[in-house]
Amino acid sequence: MAVSLDLLLDDLLAETADVDAMVAPLDDAAIARPTPAAGWTVRDQVTHLAFFDEAATRAAVDPGGFRRAAEALMAGGADFPDRVAAQHAELTADEVRAWFTRARSAFVTAFRGRDPRARLPWYGPDMSVASSVTARIMETWAHGQDIADALGARREPTDRLRHIAHLGVSTTAFCFRLHGRPVPDVPIRVELLAPSGPLWTWGPADAADRVEGTALDFCLTVTQRRHVDDTALVVSGPVAREWIGIAQAFAGAPGPGRERARA
């Protein structure tokens, strides 16, 4: 089935609205509140989104310029997301909101009408236009989760989680390579209960290695917002257990994950 770029962008705007609603009332003190991501404030979560929105826009409109900027950024080490956050740590709440609004609007404008199959450079492997938008949905939701946790806000899960779940499944081989491990040839079955009720599935139905549970728990795990032991996911088989322990739906260096919270 053909990918609808317009529908992807509309879902991105819906995730954007969720973040906007959480940060709209924050003053300079509140936007400096720490989040569950070690060393990161609410401000850092939003400026991360704005910075990489602008980077994704440049990848689409000026691939050569993006590659030069990305190489320079990565030359300083794999901790470049932390360095980006530190560079913008003095922005006021109003400045943060204005930057995010401006960067997200420019991204959506730049991507409307593009061929969803066209390839674009990124910090890891090149990706399609559709995958770039999907990655922005994932990032917005994941960093939005850190903001929600910091503010004590509760977000209702939606079927937009399917984008994140699909990205989590499709990056399986990437995760093994990222950790210097051989990519297994054992199939993994993933069965997730969608927020609206249907069952979403990936992989052969008779696979012995399996991950089963809610889409929310799976997405929290593959974006490294929760330790798998703090979810109700049921993971069966050695390959599935190894994968879920290193799963990350985002590009870049191996993520540190989250510490187990429950006893």
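As a reminder, the structure under discussion sits directly above these lines.
Report on the accompanying structure. (Residues numbered from 1 in each chain as written. Predicted model: local features only at pLDDT ≥ 70, side-chain atom pairs only at ≥ 80, totals over all residues. Heavy atoms only, no water.)

What follows covers the pattern of salt bridges. Inspection of every chain in the model, using the stated rule, returns 18 salt bridges. Note that D18 is salt-bridged to R160, the shortest N-O span being 3.3 Å. You can see D18 sitting in helix α1 (residues 5-23) and its partner R160 sitting in the loop between α6 (129-151) and α7 (161-170), a full 142 residues away along the chain. D18 sits in the partly exposed class, given a relative accessible area of 29%. Here the residues in one salt-bridge network are R189, E191, R210 and E212, joined through shared partners. (Salt bridge = Lys/Arg side-chain N within 4 Å of Asp/Glu carboxyl O. Helix = DSSP H or I, 4+ residues; strand = E, 2+ residues; numbered from the N terminus. Buried < 20%, exposed > 50% of the residue type's maximum accessible area, 1.4 Å probe, protein only.)

Overall, mixed pairing links the four strands, which are arranged β4-β3-β5-β6 in an open sheet. At either margin of the open sheet sits one strand with a lone partner, and together these are β4 (199-202) and β6 (234-236). Averaged over all pairs of adjacent strands, the angle between strand axes in this sheet comes to 10 degrees, irrespective of strand direction. Of the strand pairs in this sheet, strand β5 (residues 209-214) and β6 are connected by three bridges, and their pairing is antiparallel. When the bridges of β6 are listed, R210 appears paired with S236. Strands in contact with α7 are β3 (188-193) and β4; relative to β4, the strand with the most contacts, it is inclined by about 20 degrees. Against the sheet, helix α10 (residues 238-246) touches β3, β5 and β6, its axis set at about 55 degrees to β5. (Pairing = 2+ DSSP bridges. Axes fitted to C-alpha atoms, helices over the stretch in contact; angles between N-to-C directions. Contact = heavy atoms within 4.5 Å.)

The next subject is helix α5 (residues 93-111). Along its 19 residues, α5 runs 27 Å from first to last C-alpha, staying within 8% of the 27 Å computed at 1.5 Å per residue. By the burial criterion, the buried members of α5 are A93, V96, R97, W99, F100, A103, R104, F107, V108, A110 and F111. Here the buried face of α5 lies against α1, α2 (42-61), β1 (119-120) and α6. G113 lies just past α5 and shows a positive phi near 85 degrees. (Expected span 1.5 Å × (residues − 1).)

Glycine aside, residues mostly have negative phi angles, and peptide bonds mostly take the trans form. Even without a glycine there, the phi angle at Q224 is positive, about 60 degrees. Relative to the helices and strands, Q224 is located in the loop between α9 (215-222) and β6. With relative accessibility at 10%, the residue Q224 sits in the buried group.

It is worth spelling out the side chain of H88 at this point. For H88, the location among the structural elements is in the loop between α4 (80-87) and α5. Among the residues examined, H88 registers a relative accessible area of 17% and is labelled buried. Once residues lying within four places of it in the same chain are set aside, the contact partners of H88 are R43, T47, F51 and W99.

The biggest cluster of nonpolar side chains holds 33 residues, and the ones touching the most others in it are V190, V211, F218 and W243. If we skip the residues at most four places from it in the chain, V190 touches V169, W200, T201, W202, V211, F218 and W243. With 26 residues, the next largest nonpolar core counts L73, L120, Y123 and A130 among its residues. (Core = buried A, V, L, I, M, F, W, Y, C linked by side-chain atoms within 4.5 Å.)

Per the stated rule, a full pass over the model turns up ten aromatic pairs. Considering the side-chain rings of F51 and F52, the 4.9 Å spacing of their centres and the 75 degrees angle between planes classify their relative orientation as edge-to-face. Ring geometry for F52 versus W122: centroids 6.5 Å apart, planes at 70 degrees, classification edge-to-face. In this pair, F52 is assigned in helix α2 and W122 in the loop between β1 and β2 (127-128), connecting sequence segments 70 residues apart. Here a set of aromatic residues connected by ring pairs shows up, and it is made of F51, F52, F66, F80, W122 and Y123. (Phe/Tyr/Trp six-rings, centres within 6.5 Å; stacked < 30°, edge-to-face > 60°.)

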